[in-house]
Amino acid sequence: MVGESESCGKSFGFACALLPRKGSVMNRLNVALPGREYEILIERGLLDAVGKRCRVVLMRATRIALVTDSTVGPLYAQRVVDSLEAARFQVKVFTIPAGESSKNPEMLAWLWEELMAFGLTRTDAVVALGGGVVGDLAGFAAATILRGIDYVQIPTTLLAQVDSSVGGKVAVDLQAGKNLAGAFWQPRMVVIDPDVLETLPDPVFADGMAEVIKYGCIWDAEFFDMLDQCGSRERVMAAIEQVIHICCAIKAEVVLQDEHDRGLRMILNFGHTLGHAYEKAYHYETYTHGQAVAAGMCRAAEIGVHMGVTPAEVPGKIQSIVKKFGLPDAIPCTQADYEEAVGLDKKGQGGDISVILLPELGKAEAVRLKKSELMEQIKAL
Ligand code: NAD
Ligand code: GLY
């Protein structure tokens, strides 16, 4: 093995199989950050109870700015507005165009002005209804307006329900790269209604599955095997509350141990460095983020085997599961594209990079390598 490493990952002992459930079951998780504790609520149909739930955590709020996008708004905003108004909030909806291109400083500045024109005060709140784009943008607006006000996440994509709505990373993209202007600003509550996933297009659901599979790879081999047995969107949806609960529990545990991304939290980037190379090589057009992460996890597992860290059977297992969920197990990419993504391009940046490897399935380790060493590993495959 090369470089220093920090080993992490443990099972939560979820002994139960992912079983189809009848009716609605409330799952509740507590993210116990000192002074900024919050709950993640997971329940089918919860969208209609948002008002009651917000009343409990936003006791002093009068106005709520509901931020959504042009796809999610027409589907779900009215139900959330009705629920909030029934709980005596004054609500105004702010709709951004759907898609990553809305997560920019101009949209943030537009939102700041709109929030002020609505008359928001420091005791009022923002509610983000949408995928990771809406959550990141609205969360960053909440983090910065009036030096920071409360916000609630209502994530509507699988990726947002299992990842981006939890942990307080909020950001916008800059010309120089994704998520380069941002903050750590924890939500007051995360309200997850798995029913909204029914309207997700298959590729967007598959994107979220890449992150779900990632949690199995880095933390819980038993969960990985359960997902592998499910093997389809339909069967995952039959146990969706459990799936989301397990992912959020892992993310919450990681965030509790390393809120500011200085150590353990890096394991959430498993597959992401190489995934970034694939996204960038195709100008963020050909492959989605989830597809790139899926191929990146497969490649990272192969590198782990080559470095003597990862058991030989692991890459095959990851390749097999990603394919079951319609994700690619490899994406063609040139050495120059890899070099650019790891920061070793013609600008000549050297230095080290943390690579996340799997000493076993269900366990992750951040290994510090020279960028040139990582390139040698990539070339050797
Ligand atoms: P997204 O927000 O762009 O949503 C994907 C598409 O699905 C959009 O067109 C959206 O309108 C649509 N959509 C959302 N919910 C829907 C529903 N229920 N039914 C039908 N359509 C629906 O993308 P995403 O994948 O949710 O999030 C990606 C963003 O998340 C990226 O900007 C990424 O940087 C960010 N992210 C942040 C974190 C974090 O920790 N903050 C973590 C991971 C990713
Ligand atoms: N999605 C990576 C993180 O929250 O750290």
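**Q** Go over the sheet that holds strand E7 (residues 150–155), please, and point to the residues and values.
**A** Pairing is mixed across the open sheet formed by 7 strands, whose spatial order is E2-E3-E10-E7-E6-E4-E5. Two strands in the sheet have a free side with no partner beyond their single neighbour: strand E2 (27–31) and strand E5 (90–96). Direction aside, the axes of adjacent strands within the sheet are offset by 15° on average. Relative to strand E10 (residues 189–192), E7 is paired through 2 bridges, and the arrangement is parallel. When the bridges of E10 are listed, Val152 appears paired with Met189. Sheet strands touched by helix H4 (residues 132–144): strand E4 (63–69), E5, strand E6 (125–130) and E7. Its angle to E6, the strand with the most contacts, is close to 170°.

**Q** So what about the pairing of E4? Which residues, and what values?
**A** Looking down a regular strand, the side chains alternate between one sheet face and the other. Summarising burial for E4: 6 of the 7 residues are buried, a large majority. As paired elements, E4 and E5 share 7 bridges and run parallel to each other. Its bridge partner lying in E5, Arg63 is registered against Gln90. For the crossover from E4 across helix H2 (residues 72–86) to E5, the handedness is right-handed. Bridging between E4 and E6 involves 4 bridges; their strand directions are parallel. Paired with Ile64 across the strands is Ala125, a residue of E6.

**Q** Which residues make up helix H7 (residues 221–230), and what values do they have?
**A** Listed as buried for H7 are Phe223, Phe224, Met226, Leu227 and Cys230. In a view along the axis of H7, the buried residues occupy a sector of 165°, so they form one face of it. Where H7 begins, the capping side chain belongs to Asp220, and its oxygen is found 3.2 Å from the backbone nitrogen of Glu222. Where H7 ends, the next residue or the one after it, Gly231, has phi of about 70°, a positive value.

Conventions and cut-offs
- Residues numbered from 1 in each chain as written.
- Chains lettered and ligands numbered in written order.
- Predicted model: local features only at pLDDT ≥ 70, side-chain atom pairs only at ≥ 80, totals over all residues.
- Heavy atoms only, no water.
- Pairing = 2+ DSSP bridges.
- Helix = DSSP H or I, 4+ residues; strand = E, 2+ residues; numbered from the N terminus.
- Axes fitted to C-alpha atoms, helices over the stretch in contact; angles between N-to-C directions.
- Contact = heavy atoms within 4.5 Å.
- Buried < 20%, exposed > 50% of the residue type's maximum accessible area, 1.4 Å probe, protein only.
- Right-handed = clockwise from strand over helix to strand, strands pointing away.
- Arc of directions from axis to C-beta.
- Polar contact = N/O pair within 3.5 Å; in protein donor to acceptor, adjacent residues only side chain to side chain.

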